[in-house]
Amino acid sequence: QTTFVVEDSKKISTQEELEECLMLDKAFTIILKAEGEVNFVIPKGDYSNKKLVVFAPKATVNNEGLFQLIEIRSLKQWNESRKDNKFSMLSSTTITVNEDAYANFIINRTGLVLKYVMNGNARFELKKPSTLQLDGTTKNALEVNVNSKNVIIQTKLPVTLLAEEIVQLELQSDAAAKSTF
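Quick caveat, the model's predicted, so the values are computed rather than measured.

Parameters at a glance
- Residues numbered from 1 in each chain as written.
- Predicted model: local features only at pLDDT ≥ 70, side-chain atom pairs only at ≥ 80, totals over all residues.
- Heavy atoms only, no water.
- Core = buried A, V, L, I, M, F, W, Y, C linked by side-chain atoms within 4.5 Å.
- Buried < 20%, exposed > 50% of the residue type's maximum accessible area, 1.4 Å probe, protein only.
- Helix = DSSP H or I, 4+ residues; strand = E, 2+ residues; numbered from the N terminus.
- Contact = heavy atoms within 4.5 Å.
- Pairing = 2+ DSSP bridges.
- Patch = residues over 30% accessible without salt bridge, like charges linked within 9 Å, V, L, I, M, F, W, Y side chains within 5 Å.
- Areas by Shrake-Rupley, 256 points an atom, 1.4 Å probe, with all protein chains shown as cover.
- Salt bridge = Lys/Arg side-chain N within 4 Å of Asp/Glu carboxyl O.
- Lys, Arg positive; Asp, Glu negative; His and termini not counted.
- Charge placed at Lys NZ, Arg CZ, Asp CG, Glu CD.
- Arc of directions from axis to C-beta.
- Polar contact = N/O pair within 3.5 Å; in protein donor to acceptor, adjacent residues only side chain to side chain.

Trainee: Help me out: how do you make sense of the nonpolar core in this one?
Mentor: It is characteristic of soluble globular proteins that their nonpolar side chains tend to be buried jointly. The biggest cluster of nonpolar side chains holds 47 residues, and the ones touching the most others in it are Trp 78, Phe 105, Tyr 116 and Phe 124. Here this core gets 13 residues from one element, more than from any other, and that element is strand S3 (residues 39-80). When near neighbours in sequence (up to four residues on either side) are disregarded, Trp 78 contacts Ile 42, Leu 52, Val 54, Val 61, Asn 63, Ile 70, Ile 72, Phe 87, Thr 94, Ile 95 and Thr 96.

Trainee: Is there a simple way to think about the pairing of strand S6 (residues 102-107) in this case?
Mentor: Put simply, side chains in a regular strand alternate between the two faces of the sheet. Two strands pair when backbone bridges link them, and strand S4 (residues 83-89) and S6 are joined in this way by six bridges, in the parallel orientation. The partner of Lys 83 across the bridge, within S6, is Tyr 102. Where S6 meets strand S8 (residues 121-126), six bridges bridge the pair, whose relative direction is parallel. The partner of Ile 106 across the bridge, within S8, is Glu 125.

Trainee: It is not clear to me how a negative patch on the surface should be interpreted in this structure. Could you clarify?
Mentor: There is a patch of like negative charges on the surface, built from Glu 16, Glu 17, Glu 19 and Glu 20. By the secondary structure assignment, Glu 19 is in helix H1 (residues 15-23).

Trainee: I'm lost on the side chain of Asn 63 in this one. Help?
Mentor: Within the secondary structure layout, Asn 63 lies in strand S3. Setting aside residues no more than four positions away along its own chain, Asn 63 makes contact with Ile 42, Ile 70, Trp 78, Asn 79, Glu 80, Ser 81, Arg 82 and Asn 85.

Trainee: Just to check I follow, could you spell out unusual backbone geometry for this structure?
Mentor: Note: most peptide bonds trans; most residues except glycine with negative phi. A positive phi angle, near 75°, is found at Asp 100, a position not held by glycine. Relative to the assigned elements, Asp 100 resides in the loop between strand S5 (93-97) and S6. Of note, the phi angle at Asn 150 is positive, near 60°, even though the residue is not glycine. In this structure Asn 150 comes out as exposed when scored by relative accessible area, which is 63%.

Trainee: What is the right way to look at H1 in this model?
Mentor: One turn of an α-helix holds 3.6 residues; hence residues three or four places apart share an orientation. Taken as a whole, H1 has its buried residues at Leu 18, Cys 21 and Leu 22. All buried residues of H1 lie within an arc of 100° about the axis, which places them on one face of the element. Of the exposed residues in H1, the ones pointing more than 90 degrees away from its buried face are Glu 16 and Met 23. Contact partners of the buried residues in H1: strand S1 (9-12), strand S2 (28-33) and S3.

Trainee: Which parts of the structure should I look at to understand the environment of Asn 147?
Mentor: On the secondary structure map, Asn 147 appears in the loop between strand S10 (142-146) and strand S11 (151-155). Look at Asn 147 and you get partly exposed, because its relative accessible area is 30%. With 15 residues separating them in the primary sequence, Asn 147 and Leu 162 have C-alpha atoms 8.8 Å apart. At 3.2 Å, the side chain of Asn 147 and the side chain of Glu 125 are in polar contact.

Structure follows, in structure tokens:
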């Protein structure tokens, strides 16, 4: 006997549909699909019973909500203003972590180029060969764990690096030179 669990999900493409989904109490996955150059604003709130999957290659998302998981499949720009969100990165993109925000990023796809503007704090886990570019104003050392070969880290910020494989590390500023390994 085989048991299948079917995850409930809702596909949306507008700001209005997004806000309607966020107001629902039940747990489900929100699949955000948008083709055009659009902006989405996720209001402050606890949506930790919801997973957000983003397919929006030309969109910008400004987030103040807490989710169970945010999965980036395609996106132009994400601006994070919340603490404790966990991201599964499956697409090259630009992410800004704003001051007072903290996020966890898991890089799960080979060949990604991820640009981060770090004005807040974050933890990175690189599970696949990829390039991580770090810039911004944070003074905090960013935690970077590498579990894959062929990872490149280009940083203007200090990092605390824990690597199980050889990493190409490019320290691009005096601040980055204060990194620990």
